[in-house]
Amino acid sequence: MLFKQFLQSTAKTFQCWSFLNPGLYINKNSTRTMGSKVLVNGVNLYYEKVGTGEHAVLLVPGALGSTKTDFKPQLENLNREKFTVIGWDPRGYGQSRPPNRECKPDFIFRDAEDAVSLMENLGFETYSLLGWSDGANISAVMAARWSERVRKLVIWGGNSYFTQQELELYQSIRDLSTWSKSMLNPMVEVYGKEYFEKTWHAWVDMFTEMAGGRKEDTNLYDEELCKIKADTLIIHGQKDALVPDFHPKHFAKNIQNSRLVVWEDGKHNLHLRFADRFNELVQSFLLENTSSNL
């Protein structure tokens, strides 16, 4: 029930934000931002870039997410004089198709390599990361393995391992016939029913494969957390139906120079539901000079 509530809230977000023409945004100041593609590790990855600030920030989306679906308020409203903000669609998601998405157990590390290569290709030697859900996990791996490139890290809705109970939640909504139209239709609008169903099944089955029938917790990248050197802001919505609060607490315990901020009224998509509050918090954190405040 809780996981379906999460899906329902996500669906409402999609419904409220009908999609604009591919590659085009118009922000509140009517500034046009064109999307582009660049060849990265054999794949043409779609990205959008806004702002002219010295501080580059990469937005890293969640499962089946994209620039347009996951970070519209951040692309439009983060300070464009202080930041250069880059949104991107991981391979097989959004407009980074073809190829179709391959859901393999090493996807976090593959997407992390793609993201690092993308930023290098775009000419950014250092940058900060904003990662949501699967994107939080990808960002954490980037900060661990390419620590010299990551200035600051902001993550929410992520997990470095998953439990049997969480796996059962994923499996319980694998069958799209159990979804209401309000949950399913927005996803179909983005991907088409056939592609979405195939990719969603593959995503759920991937976690089942990783668990391997074991009842104990399944590691995703837990050993990487101690390698993260960047100042890190961990945000958690207390009403998040997908991510139990022991995950952000685990991050805070195992990532040096980190702080945990909990929003009692926040859900999994807190950066969308409370975009202004989120943007203000994140900008303040990114502009801090040192880790002395952590």
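Keep in mind that this is a model prediction, so the values were computed, not measured. (Residues numbered from 1 in each chain as written. Predicted model: local features only at pLDDT ≥ 70, side-chain atom pairs only at ≥ 80, totals over all residues. Heavy atoms only, no water.)

Q: Account for the packing of aromatic side chains, naming residues and giving values.
A: Applying the stated criterion to the full structure yields 15 aromatic pairs. Aromatic side chains W200 and W203 sit 5.3 Å apart centroid to centroid with 15 degrees between the ring planes, which places their arrangement in the stacked category. Taken together, the positions of W200 and W203, both in helix α8 (residues 193-211) and 3 residues apart, correspond to about one turn of that helix. Grouping residues by exposure puts W200 and W203 together as buried. A cation over a ring is seen here: R97 above Y195, with NZ or CZ 4.8 Å from the ring centre. Above the plane of the ring of W263 lies R277, whose end atom (NZ or CZ) is 4.3 Å from the centre. (Phe/Tyr/Trp six-rings, centres within 6.5 Å; stacked < 30°, edge-to-face > 60°. Helix = DSSP H or I, 4+ residues; strand = E, 2+ residues; numbered from the N terminus. Buried < 20%, exposed > 50% of the residue type's maximum accessible area, 1.4 Å probe, protein only. Lys NZ or Arg CZ within 6 Å of the ring centre and 35° of its normal.)

Q: An account of the confidence of the model for the protein is requested, with residue identities and associated values reported.
A: With 87% of its residues at a pLDDT of 70 or more, the protein has an overall mean of 89. With pLDDT under 50 throughout, residues 9-32 is counted as low confidence; its partners more than four residues away or in other chains account for 55 contacts. (pLDDT = per-residue confidence, 0-100. Contact = heavy atoms within 4.5 Å.)

Q: How would you explain empty space enclosed by the protein if you had to name every residue and give the values?
A: In this structure the tally under the stated criterion is 5 cavities of 30 Å³ or more. Estimates place the volume of the second largest cavity at around 50 Å³. Along its surface, the second largest cavity is lined by I155, W156, G157, G158, I234, I235, H236, V243, H247, P248 and F251. For the lining of the second largest cavity, the secondary-structure elements that each account for two or more residues are β7 (150-156), β10 (231-237) and α9 (246-254). Of the residues assigned to the lining of the second largest cavity, the class counts are 7 nonpolar, 4 polar and no charged. (1 Å grid on protein atoms, 1.4 Å probe; cavity = no way out; pocket = protein on both sides within 12 Å on 5 of 7 lines; lining within 4 Å. Points joined across faces, edges and corners; volume = space filled by probe spheres on them. Nonpolar A, V, L, I, M, F, W, Y, C, P; charged D, E, K, R; others polar.)

Q: I'd like a description of helix α5 (residues 134-145), backed by residues and values.
A: Helical geometry: 3.6 residues make up each α-helical turn, so side chains three or four residues apart lie on a common side. With 12 residues, α5 extends 17 Å between its outermost C-alpha atoms, agreeing within 8% with the 16 Å of an ideal straight helix rising 1.5 Å per residue. Burial runs high along α5: 11 of the 12 residues are buried. Looking only at α5, the buried set comprises D134, G135, A136, N137, I138, S139, A140, V141, M142, A143 and A144. Elements that come into contact with the buried residues of α5 comprise β4 (55-60), α4 (107-121), β6 (127-132), β7, α8 and α9. (Expected span 1.5 Å × (residues − 1).)

Q: Go over the packing of helix α6 (residues 164-172) against α8 with me, naming the residues and quoting the values.
A: The geometry of α6 relative to α8 is characterised by a closest axis approach of 9 Å and an angle of 150 degrees between their N-to-C directions. Between α6 and α8, the interaxial angle falls into the category roughly antiparallel. Regarding α6 and α8, the two cross each other, and that crossing is left-handed. For the pair formed by α6 and α8, the contact residues are L167, Y170 and Q171 on the first element and W203, V204, F207, T208 and A211 on the second. Here the residues of the contact of α6 with α8 are counted per class, giving 6 nonpolar, 2 polar and no charged. (Axes fitted to C-alpha atoms, helices over the stretch in contact; angles between N-to-C directions. Parallel < 35°, antiparallel > 145°, perpendicular 65-115°, else oblique. Left-handed = near helix turned anticlockwise from the far one by under 90°.)

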